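Residue-level structure breakdown
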Amino acid sequence: MPVYQFNKRVEPMNKHKHITTSAKQRILSSPYIWAYHLCRLLLGLVFVYASYDKILQPHAFAVSVFNYLVLPDGLVNLVALTLPWLELLLGLCLIFGVWLPGATVTATGLLVIFLGLLAFNDIRGLDIHCGCFSTETTEGPAGLGTILRDIGFLAVSLYLLLFVFVFRRRTEKFSQLHS
Amino acid sequence: MKEKNSPLQQALLQVPLLMVLSVLIALAVNHWRERPLPLIGDWSVSARLADQEGNSLEIGLGEARQLFERQAAIFLDARSRPEYEEGHISGALSMPWQDVENAFVNIVGQLEEDRIIITYCDGENCELSHDLAAFLKEMGFDDIRVLVNGWTVWRDAGLPIQ
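Worth saying up front: this structure is predicted, and the values here are computed from it rather than measured.

**A word on the overall build of chain A**
- From N to C terminus, chain A includes 6 helices and 0 strands.
- Helices and strands in chain A line up, N terminus first, as α-α-α-α-α-α.
- The buried share of chain A, taken over its 179 residues, is 32%.
- For chain A, restricting intrachain contacts to residue pairs at least 6 apart in sequence, the fraction spanning at least 24 positions comes to 73%.

Written out as structure tokens, the structure is:
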């Protein structure tokens with residue numbers, strides 16, 4: 001009789017455990033997670049790539065920044081020096097998955113600012129070079145294509161933001177609850 | 001187990017940290033690089049028009065006018081072809097920056113060595129004339145000036161146009 005009781009007590013626990021593991025596995029292998037990792041790597045590489053030429057060519061990049069005609073002259077060089085390093089740090093954070101809350105917020109913020117500047121200068125008819133990925137003027141002037149490209153990156157960044165702030169937190173809570 | 005900070009709390013700490021970190025790295029790297037960028041640059045028109053030796057390419061309206069009257073200068077219009085056709089400095093040649101190489105081939109014969117070349121476009125921040133001047137320097141012409149905001153100042157001064 002005691003054996004029977006022992007078995008009976010154990011059985012539902014096993015069952016319960018079995019269900020949670022498979023639910024956890026389901027979450028971990030869901031397409032959302034894969035999309036998240038893919039977006040993280042993609043956006044990270046984009047930012048690292050974007051920083052490379054600007055870090056090597058600070059003088060040329062300063063001219064690009066100046067040509068946007070939005071910053072007071074005194075701030076142009078400081079922004080031109082700092083922005084590429086911020087992009088590099090962001091890119092590395094995204095690629096290696098560290099400081100993701102801060103990195104996704106900053107990345108989204110930057111992309112929104114870039115989009116605003118591109119649209120602003122496009123509307124007021126300023127014919128300038130983007131200076132987005134290269135300080136070379138062979139890249140051609142910024143236009144609708146550049147704006148659409150930025151919107152694409154922004155969509156990726158918003159997905160990451162949503163994932164890090166909402167979805168991942170829910171998953172963490174879920175696994176804490178059931179482990 | 002210690003409760004993890006919410007993503008928002010983490011972000012509030014990480015965003016400023018990322019900024020401070022990039023400023024510090026940027027300043028340090030700039031400090032030790034071969035040709036540092038001055039932290040506060042001089043972006044005035046005359047400074048931007050200076051060549052590598054620091055000589056300004058800018059020419060004033062008065063001086064440009066004297067050269068025009070003595071026929072000692074050739075004016076090159078760096079704006080687009082339609083803008084040139086709408087109106088330009090009297091006697092100026094069209095060398096639209098968008099198609100500079102073809103335009104250069106077409107009019108290089110008319111550029112005389114002993115006359116000063118004055119490039120112009122329109123607008124205080126127009127870079128076309130500056131780009132054109134730099135291009136001509138590379139092509140071996142030494143005596144080049146830029147008349148900043150050229151079309152507007154020339155027309156507003158009531159000087160000859162066509």
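Now that the structure has been shown, the text picks up again.
**Some remarks on the overall build of chain B**
- Of regular secondary structure, chain B possesses 7 helices and 4 strands.
- Taking all 162 residues of chain B together, the buried fraction comes to 29%.
- Intrachain contacts of chain B at a sequence separation of at least 6 include 58% that bridge at least 24 residues.

**Some remarks on the sheet that holds strand E3 (residues 116-120) of chain B**
Residues and elements named next belong to chain B.
- Pairing within the open sheet is parallel, and its 4 strands lie in the order E2-E1-E3-E4. Among the strands making up the open sheet, the edge pair consists of strand E2 (93-94) and strand E4 (144-147).
- Bridge count between strand E1 (residues 73-77) and E2: 2 bridges; the pairing is parallel. The residue of E2 that forms the bridge with Leu76 is Leu93.
- The strands that helix H6 (residues 128-138) touches are E1, E3 and E4; relative to E4, the one it contacts most, it runs at about 175°.

**What to know about helix H2 (residues 31-56) of chain A**
- If you check H2 of chain A, its first and last C-alpha atoms are 38 Å apart, about what 26 residues at 1.5 Å a residue would give, namely 38 Å.
- Among all positions in H2 of chain A, only Tyr36, Arg40, Leu43, Gly44, Val46, Phe47, Ala50, Ser51 and Lys54 of chain A are buried.

**Observations regarding the pairing of E4 of chain B**
Residues and elements named next belong to chain B.
- Side chains Ile144 and Val146 of E4 all project onto a buried face; the interleaved residues Arg145 and Leu147 project onto the opposite face, where all are buried too.
- Note: E3 against E4, 4 bridges, orientation parallel. Opposite Thr119, over in E4, you have Val146 as the bridge partner.
- In this view, the connection linking E3 to its parallel neighbour E4 by way of H6 has right-handed handedness.

**Re the interface of chain B and chain A**
- The interface of chain B with chain A comprises 21 residues on the first partner and 25 residues on the second.
- Split by residue class, the side of chain B that touches chain A holds 15 nonpolar, 6 polar and no charged.

**Details of unusual backbone geometry**
- Positioned with a positive phi, Leu69 of chain A is a non-glycine residue whose angle comes to about 55°.
- Mapped onto the elements of the fold, Leu69 of chain A is located in the loop between helix H3 (58-67) and helix H4 (73-96).
- Of note in the backbone geometry, Asn149 of chain B takes a positive phi value of approximately 55° without being a glycine.
- Looking at Asn149 of chain B, the number of C-beta atoms within 10 Å reads 19, which means it is partly exposed.

**Thoughts on the confidence of the model for chain B**
Residues and elements named next belong to chain B.
- On average, chain B scores 86 in pLDDT, and the residues at 70 or more come to 93%.
- Mean pLDDT in chain B bottoms out at helix H2 (residues 45-48), which sits at 71, and peaks at helix H1 (residues 7-32), which reaches 95.
- Listed scores for the predicted complex are pTM 0.68 and ipTM 0.79.

**Some thoughts on the environment of Asp150 of chain A**
Residues and elements named next belong to chain A.
- Note that Asp150 resides in helix H6 (residues 144-178).
- Asp150 sits in the buried class, given 21 other C-beta atoms within 10 Å.
- For the pair Asp150 and Leu118, spaced 32 residues apart in sequence, the C-alpha to C-alpha distance is 9.1 Å.

**Observations regarding the confidence of the model for chain A**
Residue and element names in this part refer to chain A.
- Confidence along chain A averages 84 in pLDDT terms, with 79% of residues attaining 70 or more.
- The element-level mean pLDDT for chain A is lowest in helix H1 (residues 2-28), coming to 55, with H4 highest at 96.
- Confidence over residues 7-12 falls short of pLDDT 50; this stretch has 0 contacts with residues more than four positions distant or in other chains.

**Overview of the pairing of E1 of chain B**
Residues and elements named next belong to chain B.
- Of all 5 residues making up E1, 4 are buried, and the element is well covered by its neighbours.
- Pairing of E1 with E3, which is carried by 5 bridges, proceeds in the parallel orientation. Looking at E3, one finds that Asp77 is bridged to Tyr120.

**Points about the packing of H2 of chain A against H4 of chain A**
All names here are of chain A.
- Running from amino to carboxyl end, H2 crosses H4 at an angle of 155°, the nearest separation of the two axes being 7 Å. Compared by their axis directions, H2 and H4 come out roughly antiparallel. Helix-helix and strand crossings are classified by hand; for H2 and H4 the assignment is left-handed. Contacts between H2 and H4 involve Arg40, Leu41, Leu43, Gly44, Leu45, Phe47, Val48, Ala50, Ser51, Lys54 and Ile55 from the former and Pro84, Trp85, Glu87, Leu88, Leu90, Gly91, Leu92, Leu94 and Ile95 from the latter.
- Of the residues belonging to the contact of H2 with H4, the class tally is 14 nonpolar, 3 polar and 3 charged.

**Re the packing of H3 of chain A against H4 of chain A**
All names here are of chain A.
- Orientation of H3 relative to H4, taken along the N-to-C sense of each, is 115°, at an axis distance of 9 Å. Every pair of crossing elements has a handedness; the one defined by H3 and H4 is right-handed. Contacts from Pro58, Phe61, Ala62, Val65 and Phe66 of H3 reach H4 at Val76, Asn77, Val79, Ala80, Leu81 and Pro84.
- Grouping the constituent residues of the contact of H3 with H4 by class yields 10 nonpolar, 1 polar and no charged.

Calculation rules
Residues numbered from 1 in each chain as written. Chains lettered and ligands numbered in written order. Predicted model: local features only at pLDDT ≥ 70, side-chain atom pairs only at ≥ 80, totals over all residues. Helix = DSSP H or I, 4+ residues; strand = E, 2+ residues; numbered from the N terminus. Buried ≥ 20, exposed ≤ 12 C-beta atoms within 10 Å, placed from the backbone. Contact = placed C-beta atoms within 7 Å. Pairing = 2+ DSSP bridges. Axes fitted to C-alpha atoms, helices over the stretch in contact; angles between N-to-C directions. Expected span 1.5 Å × (residues − 1). Right-handed = clockwise from strand over helix to strand, strands pointing away. Nonpolar A, V, L, I, M, F, W, Y, C, P; charged D, E, K, R; others polar. pLDDT = per-residue confidence, 0-100. Parallel < 35°, antiparallel > 145°, perpendicular 65-115°, else oblique. Left-handed = near helix turned anticlockwise from the far one by under 90°.

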